[in-house]
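Structural features, examined
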Amino acid sequence: MIWGRKETFALEARPVGAGPEEGDPSAAATWAAFRMVVEGRNLFRNVSAANKSLDDDLYWPAIGLARWFVRAWGDLYHTGPWLRPSTARNARDFASILDQTLADAIDAPDSLFDSRDRFVATHSLRAGAWGGAMPDVWIARDGPVVSIAWHDSMDGEIYFTLSRGECDVPATAFAEAVHGFVSWTLGLLESPASKARPEDLRLLREWVEDFRSEDAAETGLLMDVGMSEKRFCDLATDAGLEGATATRFFGLPPGWRKLGTLADYRDSALAVAFRCVAPVLSNRELLLFKKA
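The text that follows walks through the structure, step by step, so that each part is easy to find. (Residues numbered from 1 in each chain as written. Predicted model: local features only at pLDDT ≥ 70, side-chain atom pairs only at ≥ 80, totals over all residues. Heavy atoms only, no water.)

As for the packing of aromatic side chains
Counting across every chain of the model gives 19 aromatic pairs. A ring pair is formed by Phe250 and Phe274, whose centres lie 5.3 Å apart and whose planes are at 85°; its orientation type is edge-to-face. One end of the pair, Phe250, is in the loop between α9 (246-249) and α10 (269-277); the other, Phe274, is in helix α10, with 24 residues separating them in the sequence. In terms of burial, Phe250 and Phe274 fall into one category: buried. By the ring-pair criterion, three or more aromatic residues cluster together here, those being Trp3, Phe9, Phe34, Trp68, Phe69, Trp73, Tyr77, Phe174, Phe181, Trp184, Trp207 and Phe211. Its end group placed over the ring of Tyr77, Arg141 keeps NZ or CZ at 4.4 Å from the ring centre. (Phe/Tyr/Trp six-rings, centres within 6.5 Å; stacked < 30°, edge-to-face > 60°. Helix = DSSP H or I, 4+ residues; strand = E, 2+ residues; numbered from the N terminus. Buried < 20%, exposed > 50% of the residue type's maximum accessible area, 1.4 Å probe, protein only. Lys NZ or Arg CZ within 6 Å of the ring centre and 35° of its normal.)

As for helix α5 (residues 171-189)
With 19 residues, α5 should reach 27 Å at 1.5 Å per residue; the first-to-last C-alpha distance of 27 Å fits that figure. Summarising burial for α5: 14 of the 19 residues are buried, a large majority. (Expected span 1.5 Å × (residues − 1).)

Looking at the packing of helix α3 (residues 91-104) against helix α4 (residues 110-123)
For any two helices packed against each other, the geometry comes down to the angle between their axes and how far apart the axes lie. Where α3 contacts α4, the two axes come as close as 11 Å, and the packing angle between them is 155°. Taken together, the axes of α3 and α4 are roughly antiparallel relative to one another. Read as a crossing pair, α3 and α4 show a hand that is left-handed. Note on element contacts: α4 touches α3 through Leu112, Phe113, Arg116, Phe119 and His123, opposite Ala91, Phe94, Ala95, Leu98, Asp99, Thr101 and Leu102. The residue makeup of the contact of α3 with α4, split by class, is eight nonpolar, two polar and two charged. (Axes fitted to C-alpha atoms, helices over the stretch in contact; angles between N-to-C directions. Parallel < 35°, antiparallel > 145°, perpendicular 65-115°, else oblique. Left-handed = near helix turned anticlockwise from the far one by under 90°. Contact = heavy atoms within 4.5 Å. Nonpolar A, V, L, I, M, F, W, Y, C, P; charged D, E, K, R; others polar.)

Section: the environment of Gly64
Counting through the fold element by element, Gly64 comes out in helix α2 (residues 62-77). With relative accessibility at 7%, the residue Gly64 sits in the buried group. Along the backbone, Gly64 and Cys276 are 212 residues apart, and their C-alpha atoms lie at a distance of 34 Å. Not counting residues up to four positions away in its chain, the partners in contact with Gly64 are Gly128 and Trp130.

Topic: the nonpolar core
Membership of the largest hydrophobic core comes to 52 residues, with the highest contact counts inside it found for Phe69, Ile148, Phe174, Phe181 and Val182. Residue assignment for this core shows that the elements contributing at least two residues are β2 (9-15), β3 (31-38), α2, β8 (137-142), β9 (145-150), β12 (165-170), α5 and α6 (198-210). Aside from chain neighbours lying at most four places away, what touches Phe181 is Trp3, Leu11, Ala13, Phe34, Ala62, Leu65, Ala66 and Phe69. If you look at the next biggest cluster of nonpolar residues, it comprises 22 residues, including Ala217, Leu235, Phe250 and Leu287. (Core = buried A, V, L, I, M, F, W, Y, C linked by side-chain atoms within 4.5 Å.)

Focus on the sheet that holds strand β5 (residues 46-48)
Strand order in this open sheet of four strands is β6-β5-β11-β10, and the pairing throughout is antiparallel. The sheet is open, and its two borders are formed by β6 (54-55) and β10 (153-155), each paired with just one other strand. Relative to strand β11 (residues 158-160), β5 runs antiparallel, the two being bridged by three bridges. Within β11, the residue paired with Val47 across the bridge is Tyr159. (Pairing = 2+ DSSP bridges.)

Side note on the sheet that holds β8
Strand order across the open sheet formed by three strands is β8-β9-β12, with antiparallel pairing between neighbours. Single-partner strands in this sheet number two, and they are β8 and β12. Strand after strand, the sheet turns through a mean of 20° between neighbouring axes, direction not considered. In this structure, β8 lies alongside β9, joined through six bridges in antiparallel fashion. Paired with Val137 across the bridge in β9 is Trp150. Each of β8, β9 and β12 touches α3; the most contacted strand, β8, lies at about 105° to it.

Okay, structure coming up:
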């Protein structure tokens, strides 16, 4: 199966039957061969150091990557403003800046280490490798595009053939491809022969069903502008709009929520402005800003 287009962004996977013996029944049900293609380049193309053989596929349980996409999705696709001002556009370079900051700061607070760990967990593809070989790929949304950047990579005895690079792909194309892949993995877990873990079925089902929901649009908008749901509710109450939807608060056009996860906060100039100032202004200052 292939989701997306190889000219822009695509995920490919095919089941390969039973892999090595697995203690995790969800893993046993989802062994597959994978490819990730960005502008015609297969990021998963690799060479074995042991026998020098070239392979276009990685072989690993699909559930590992599917779990990561679903759990990381809020930070991965709806990033909000990044942790601190930076000239880095892609997640790879931003992580390097964080590492250098921590290396130079003898008394860095624990919160900065925690923020760095969360950033890596939600933007580095290796966080979803689940113990398998994976190229050093970093993913982050930047408005209408998703930036995908990678290093020269070696993982164990596996060398990945692409050298350092970066590509921007349409955000909607990326999201649709991931949705297709997660839905396919869910199908493997739901097959009669599968003994998948109930928590995996619930995790993937809820995400797949929520992907096109109106609630997903509103949740994504709040994350995009750097606000929690609680903070938005407090702000709306202070503005005399208790119970207002984010769509009404930001003046978005009718039908905007019907796009679900693919809804774009840039349809509202006020939402774009809030994205810049919400992380640094108090609720009172934000209300004054909104009135202005």
